[in-house]
Amino acid sequence: MIPIRYNVRSLAVRKATTVATAAGIALVVFVLASSLMLSAGIKKTLGSAGKPDDAIVLRMGSDAELGSVIEESSVALILAAPGVKKDERGQPMGVAEIVVVGAMDKLGTTGVTNVSIRGVPDDVMRFRPEVHIVAGRPPRPGTDEALVGSRIRGRIKGVDLNQSFDIKKGRPVQVVGVFDAGGSSYESEIWVDREILRQAYGREGVESSVRAQLESPSKFDAFRAGVENDKRLGLQALRETSFYEKQSEGASIFVGALGTVVSIFFAIGAMIGAMITMYAAVANRQREIGTLRALGFSRTSILTSFLFEAVVLAILGGAAGAAASTAMGLVHFSMVNFASWSEIVFSFDPTPKVIVTALVFACGMGIIGGFFPAVRAARTSPLKAIRG
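Let us look at the structure shown here.

Quick notes on the rules
Residues numbered from 1 in each chain as written. Predicted model: local features only at pLDDT ≥ 70, side-chain atom pairs only at ≥ 80, totals over all residues. Heavy atoms only, no water. Helix = DSSP H or I, 4+ residues; strand = E, 2+ residues; numbered from the N terminus. Rg over C-alpha atoms; globule rule 2.2 N^0.38 Å. Areas by Shrake-Rupley, 256 points an atom, 1.4 Å probe, with all protein chains shown as cover. Core = buried A, V, L, I, M, F, W, Y, C linked by side-chain atoms within 4.5 Å. Buried < 20%, exposed > 50% of the residue type's maximum accessible area, 1.4 Å probe, protein only. Salt bridge = Lys/Arg side-chain N within 4 Å of Asp/Glu carboxyl O. Pairing = 2+ DSSP bridges. Polar contact = N/O pair within 3.5 Å; in protein donor to acceptor, adjacent residues only side chain to side chain. Contact = heavy atoms within 4.5 Å. Axes fitted to C-alpha atoms, helices over the stretch in contact; angles between N-to-C directions. Parallel < 35°, antiparallel > 145°, perpendicular 65-115°, else oblique. Left-handed = near helix turned anticlockwise from the far one by under 90°. Nonpolar A, V, L, I, M, F, W, Y, C, P; charged D, E, K, R; others polar.

Section: the overall build of the chain
Next up, step 1: For the chain, the helix and strand inventory stands at 11 helices and 14 strands.
Next up, step 2: Taking 21 Å as the expected radius of gyration for a compact globule of 388 residues, we find that the chain reaches 29 Å, considerably beyond that expectation.
Next up, step 3: Viewed in the frame of its principal axes, the chain has a C-alpha envelope of about 95 × 45 × 35 Å.
Next up, step 4: Taken as a whole, the chain presents about 17,900 Å² of accessible surface, with 62% of it coming from carbon and sulfur.

Put into structure tokens, the structure is as follows:
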């Protein structure tokens, strides 16, 4: 086999072409890795809102809280179903909530965006212990006060601490606190008193969803049977984790597909660039190749050597692109969630799986881009090469 240091020195000598080709591959890997990170971030943001021992109840046929309507009189029946956990006072652990979407003005740009507004009961923090106030204070029950998620804070006009906005025209509320929910989709919502939201939107006597904390995840089947077997209710029960997985499917598939298509077009250009670079290297190193053949190195050795050189070039570019893409973990990106038609703020999630996938993709570009030039080098006649 031809020594590896021969390939390393060849790349070092051809600095300009090496840097140009590696930069092209780095750009492709950066785009691919960023799209995969965003797709993973969407799943993480929506998925982290669900807990394995929680169940959500919606109107039969509804796939989101926004389109679900549950009679207020049914809430007690739902929480009385088998498997619901009881607190120290013997009361079932559950909350009934109202979810609406409000059109609000964005800051820093023109136009409006849809924002999820959740009407919550007084004890919502007790049901969701992962939610913490990071600024301000909790709102007082029955008042026109609101909590806003940390990710949506400052992105919408009036949605910041000590500011006010209208949850509906003519119904202003004061922001008294900002909460953090462990990076979940709740951080892109506005929480107000359930009765205040009910009055503003005319939702008297109905809820959007009911959540129940179960004694254990294994109790879900019994809970679902208790809810769905009562045909008078016309309700369906879902595991909260499964519910949020479905919520993330549309946006995740869209972002992943878009990023993949863009990356493929970029990759074609990068592979053509790598191929041109390797063909130029073969043309400029005819005498070297002839000398290697005259010294007894086989065609297989030469093919392997040049292919290895192309892969090293791709790995260098891929490593640079992957390293640069990790900085996207500091960036927050907002888009409309197709399930709720409201704006949700996501973050890029640089998981090890994404980095490995990007590097494997870079190696694939190196193999494809370097294969045909390597074959040409292996087929070079030693005598013609030396004479040339």
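Next, the rest of the story.
What about the nonpolar core?
Next up, step 1: With 23 residues, the main nonpolar core has I25, V29, L38, I42, F346 and M365 as its most contacted residues.
Next up, step 2: If you list the elements that add at least two residues to this core, you get α2 (15-47), α7 (240-284), α9 (299-325), β14 (342-347) and α10 (352-378).
Next up, step 3: Top element by residues in this core is α2. It accounts for eight residues.
Next up, step 4: Counting 21 residues, the second-largest nonpolar core is a separate cluster that includes V100, A135, I167 and I190.

Section: the pattern of salt bridges
Next up, step 1: For the structure shown, the criterion picks out 22 salt bridges.
Next up, step 2: Linking K51 and D54 is a salt bridge whose minimum nitrogen-to-oxygen distance equals 3.4 Å.
Next up, step 3: You can call D54 buried: its relative accessible area is 1%.
Next up, step 4: With a shortest N-O distance of 3.3 Å, E97 and R211 are connected by a salt bridge.

Points about the pairing of strand β4 (residues 112-120)
Sheet faces and side chains relate simply in a regular strand, where the side chains alternate between the two faces.
Next up, step 1: Most of β4 sits out of view: seven of its nine residues are buried.
Next up, step 2: Here strand β3 (residues 94-105) runs beside β4; their pairing, made up of eight bridges, is antiparallel. Among the inter-strand pairings, I98 is bridged to a residue of β4, identified as G119.
Next up, step 3: Here β3 hands over to β4 after six residues, with G108 in that stretch at a positive phi of 80 degrees.
Next up, step 4: Where β4 lies against strand β9 (residues 189-193), five bridges are found, and the strand directions are parallel. Counted as the bridge partner of V120 is D193 from β9.

Observations concerning the side chain of E207
Next up, step 1: Within the secondary structure, E207 is located in strand β10 (residues 206-207).
Next up, step 2: The exposure class of E207 is buried, given its relative accessible area of 1%.
Next up, step 3: Reaching out from E207, the side chain makes a polar contact with the side chain of R198 at a distance of 3.0 Å.
Next up, step 4: Once you skip the residues sitting within four places of it in the chain, E207 turns out to touch S68, V69, I70, E72, V75, A96, E97, I98, R194 and R198.

Some details on the packing of helix α8 (residues 286-294) against α9
Next up, step 1: In contact at an axis separation of 10 Å, α8 and α9 are set at 140 degrees when each is read in the N-to-C sense. When the axes of α8 and α9 are compared, the pair comes out oblique. Handedness of the crossing formed by α8 with α9: right-handed. Side by side, α8 and α9 meet where I289, L292 and R293 of the first sit next to R299, I302 and F306 of the second.
Next up, step 2: Among the residues forming the contact of α8 with α9, the class breakdown is four nonpolar, no polar and two charged.

Notes on unusual backbone geometry
Next up, step 1: Its identity is not glycine, yet N162 carries a phi of approximately 70 degrees, on the positive side.
Next up, step 2: Note that N162 resides in the loop between β6 (145-149) and β7 (164-168).

Topic: the side chain of S347
Next up, step 1: Among the secondary structure elements, S347 is positioned in strand β14.
Next up, step 2: There is a polar contact of 3.5 Å between the side chain of S347 and the side chain of R151.

Remarks on the packing of helix α1 (residues 4-13) against α9
Next up, step 1: One way to put it is that α1 packs onto α9 with a least axis distance of 10 Å and a crossing angle of 55 degrees. Viewed along their axes, α1 and α9 adopt a mutual orientation that is oblique. As for the relative orientation of α1 and α9, their crossing is right-handed in sense. Together, I4, Y6, N7, S10 and L11 of α1 and S305, F308, E309, V312 and L313 of α9 make up the contact between the two elements.

Looking at the environment of E288
Next up, step 1: In this structure, E288 sits in helix α8.
Next up, step 2: It is 74 Å that separates the C-alpha atoms of E288 and R224, two residues lying 64 residues apart in sequence.

Overview of helix α5 (residues 194-201)
Next up, step 1: Listing the buried residues of α5 in full gives R194, I196, L197, R198 and A200.
Next up, step 2: One side-chain oxygen of the residue at the start of α5 lies 2.9 Å from the amide nitrogen of E195, identifying that residue as D193.
Next up, step 3: Phi turns positive one or two residues past the end of α5, at G202, with a value near 65 degrees.

Examining the environment of V282
Next up, step 1: Structurally, V282 is set in helix α7.
Next up, step 2: Take V282: its relative accessible area is 0%, and that puts it in the buried class.
Next up, step 3: As a C-alpha pair, V282 and E88 span 194 residues in sequence and 78 Å in three-dimensional space.
Next up, step 4: Among all residues touching V282, those that are not within four sequence positions of it are I289, F306, P373, R376 and A377.

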